[in-house]
Amino acid sequence: MEESGKQTVVAEPDGPEDRKPPSDEARSAFAPPLGVDGPRAYGLPSQTGAPSRTGASSQAGLPSQALTPAEGTPLVRLTKEAPWQDRMRTLLRMPVGERPVPETVQRHDDVGPAVPRVLDLTLRIGELLLAGGEGAEDVETAMFAVSRAYGLARCEPTVTFTQLSISYQPSLVEDPVTASRTVRRRGTDYTRLAAVFTLVDDITAEDTDVTLEDAYRRLAVIRRNRHPYPGWALTLASGLLAGAASVLVGGGPVVFVAAALGAMLGDRLAWLAAGRGLPEFYQFVVAAMPPAAMGVALTLLGSAVHWDGRPSAVITGGLFALLPGRALVAGVQDGLTGYYITAAARLLEVMYFFVAIIIGVLLVLYLGVQLDAQLNPDAALNTPERPVVQILSAVVLSFAFAILLQQERSTVLMVSVNGGVAWAVYAAMHHTGGISPVAATAVAAGLVGLFGQLFSRYRFASALPYVTAAIGPLLPGSATYFGLLGLAQNDLDHGLASLSKAAALALAIAIGVNLGGEISRLFLKVPGAGRASGRRAAKRTRGF
């Protein structure tokens, strides 16, 4: 075809091979998949004033690849009604070049924000969240929300298990400013965690005026606030948790009292070890020994007086109070959301705690075997079914767990009911329906994550206070105990099988909680419109 003295040759495909779509590796990581409409875009105006896909470059005789095509810049609209977690997570998962310019919420002068102070405030808020057990993705989202609210557009927060950093680049020709902070101490206080979430919510809200001085002042108040429950209340809650767990697995009043006393003694010994500066590993070792010793003593006493009880439930109840369910859920959640370094560190911490519990219990069980204590591994198969008693025990267990986590009093009731519902679902599926305990645990944990996410959206707070305590009744205390008993009696086959079952149940809990939280997003308002508004999924790598 001749036009203006130039000839354009259009090549036709010769065969089926030429008509094949390009492979996944040959396409850009940011290109929409085949069959999916491209996003709405800001195009270059054509001669009629409407956006043109060919752009002005084609009209000027330039190739279309000379300029960025119109469909390469997606239009993102964020609804104001969505929670700040959703809005900021949407932006955080976008490439830096595609993020819209921030709407400065908390700027109070014409000069602009003080960059070092904003970065320092952001790191301090992230430190409190990470130290409180929040997931890495939620910590990054909160840091990104604070920096963006104060007018810092090109910020990149980074979170690992013990270190936080944030980088801000004013423009492409200026040097970036980077600040970091190390998390030295970590503790569990969900009341403080909720206060930090409230502060971030006020900072990101347009109708709330929070200057940098106000934010620093409120942050200092949050740090100075005492825990809502004193030490003696935590010790009583530990005993109540162990007692309720022992009743949950078939114990009676005597077993309840013995389990509560053993757990409270272990808690006091752990506080004593902490006061002496011993690492947390040894604190778990000494905390696991009194419940196990109480169970062995009850076994020896029962053999002497011909008491037909369940002394094994005493040790099982003590394990419920020690198993690190909070760290396990956080570690698996970080792994599922792509934060593999933080996930590996959290899971390594869980492994150390689990090994410490194993050492403490095995020392006592081995001593019991040497004293000819009639420890019966077949007791796991003879757990009586008492639906009403077990559901009430699950509610009490979740209540005591919430106290140990230093939750706000207004959330204790909801999380206790959530725990009771979780156990009812598990018992109905496993005991009544005959479904595998791993599958039943995963479904019950998924409901915990779903309800916890909905509760947190209703209260505009973190989901951890509504989830962590509710998974208490699902923790694999019985499987862990009978696995350790098999090892103490040199029955490695049964011991390793029970420990493998405990690990499978723990993973089912963590994955179920995360999946329930993701499912809840399907029923909530999406914080934007178009393909680019949702949270970007990870690009599939096929294992390489």
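All figures in this text were calculated on a predicted structure; none of them were measured in a lab.

Colleague: Tell me about the overall build of the protein chain, and please be specific about residues and values.
Modeller: Across its full length, the protein chain carries 18 helices and seven strands. Each of the 544 residues in the protein chain was classed as buried or not, and the buried ones make up 47%. Surface accessibility of the protein chain: about 27300 Å² in total, with carbon and sulfur atoms responsible for 60%.

Colleague: Outline the sheet that holds strand E6 (residues 163–168), supporting the account with residue identities and numerical values.
Modeller: Hydrogen bonds along the backbone pair up the strands of a sheet, which may run parallel or antiparallel. One open sheet accounts for three strands, arranged E5-E6-E7; its pairing is antiparallel. The open sheet terminates on both sides in strands that have one partner only, identified here as strand E5 (155–159) and strand E7 (177–182). Taken pair by pair, the neighbouring strands of this sheet meet at an average axis angle of 10 degrees, ignoring direction. Here E5 pairs with E6 via five bridges, running antiparallel. Pairing of Pro157 across the sheet is with Ile166, part of E6.

Colleague: Any chance you could break down unusual backbone geometry for me, citing the residues and the numbers?
Modeller: Positioned with a positive phi, Gln406 is a non-glycine residue whose angle comes to about 55 degrees. Turning to its location among the elements, Gln406 is positioned in the loop between helix H13 (387–404) and helix H14 (409–432).

Colleague: Outline the packing of helix H7 (residues 231–248) against H13, supporting the account with residue identities and numerical values.
Modeller: Interaxial distance between H7 and H13 falls to 8 Å at its minimum, and their mutual angle equals 155 degrees. One element, H7, and the other, H13, form an angle in the roughly antiparallel class. Handedness of the H7/H13 crossing: left-handed. Taken together, the residues of H13 that come into contact with H7 (itself represented by Ala233, Leu234, Ala237, Ser238, Leu240, Leu241, Ala244, Ala245, Val247 and Leu248) are Val389, Gln390, Ser393, Ala394, Val396, Leu397, Phe399, Ala400, Phe401, Ile403 and Leu404. The residue makeup of the contact of H7 with H13, split by class, is 18 nonpolar, three polar and no charged.

Colleague: Requested: an account of the packing of aromatic side chains, with residues and values cited.
Modeller: To describe a pair of aromatic rings, one takes the distance between the centres and the angle between the planes. The tally for this structure, following the rule as stated, stands at five aromatic pairs. A ring pair is formed by Phe284 and Phe353, whose centres lie 4.5 Å apart and whose planes are at 15 degrees; its orientation type is stacked. Of this pair, Phe284 sits in helix H9 (residues 280–305) while Phe353 is found in helix H12 (residues 340–370), placing the two residues 69 residues apart along the sequence. Neither Phe284 nor Phe353 differs from the other in exposure class; each is buried. Ring centres of Phe455 and Tyr466 lie 5.9 Å apart, and the angle between their planes is 50 degrees; this geometry places the pair in the tilted category. Placement of the pair is Phe455 in helix H15 (residues 437–459) and Tyr466 in helix H16 (residues 464–467), with a sequence separation of 11 residues. Judged by relative accessible area, which is 27%, Phe455 ranks as partly exposed. You can call Tyr466 buried: its relative accessible area is 2%.

Colleague: So what's going on with the confidence of the model for the protein chain? Which residues, and what values?
Modeller: Of all residues in the protein chain, 72% attain a pLDDT of 70 or more, and the chain-wide mean is 76. Across residues 1–13 the pLDDT falls below 50, and counting only partners more than four positions away or on other chains, this stretch makes six contacts in the model. Confidence over residues 526–534 falls short of pLDDT 50; this stretch has 26 contacts with residues more than four positions distant or in other chains.

Reading guide: rules and limits
Residues take numbers from 1 onward in each chain, read along the sequence in its written order. Selection of residues for local features in this predicted model requires a pLDDT of at least 70, selection of side-chain atom pairs for listing and counting requires 80 or more, and totals for whole chains, interfaces and linings are taken over all residues. The basis for the side-chain values is all heavy atoms of the structure; hydrogens and waters are excluded. A helix here means a DSSP run of H or I that spans at least four residues, while a strand means a run of E at least two residues long, and both kinds are numbered starting from the N terminus. Using a 1.4 Å probe on the protein chains alone, a residue whose accessible area is under 20% of its type maximum counts as buried, one over 50% counts as exposed, and one in between counts as partly exposed. The protein chains shown are the only cover counted for residues, whose accessible areas, like all others here, come from Shrake-Rupley with a 1.4 Å probe. A pair of strands counts as paired when DSSP detects no fewer than two bridges linking them. Fitted lines through C-alpha atoms give the axes, limited to the stretch in contact for helices. The angle between two N-to-C directions lies from 0 to 180 degrees. Under this scheme an angle from 65 to 115 degrees is roughly perpendicular, one under 35 degrees roughly parallel, and one over 145 degrees roughly antiparallel; angles in between are oblique. Crossing chirality is assigned from the near helix's rotation relative to the far helix, an anticlockwise turn below a right angle marking it left-handed and a clockwise turn marking it right-handed. Any pair of residues with heavy atoms lying within 4.5 Å of one another is described as a contacting pair. Residues are grouped as follows: Ala, Val, Leu, Ile, Met, Phe, Trp, Tyr, Cys and Pro are nonpolar; Asp, Glu, Lys and Arg are charged; all remaining types, including Gly, are polar. Note on ring pairs: Phe, Tyr and Trp rings are taken, using the six-membered ring of Trp, and paired if centres are within 6.5 Å. Classes follow the plane angle, with under 30 degrees stacked, over 60 edge-to-face and the rest tilted. Predictor confidence is given residue by residue as pLDDT, running from a minimum of 0 to a maximum of 100.

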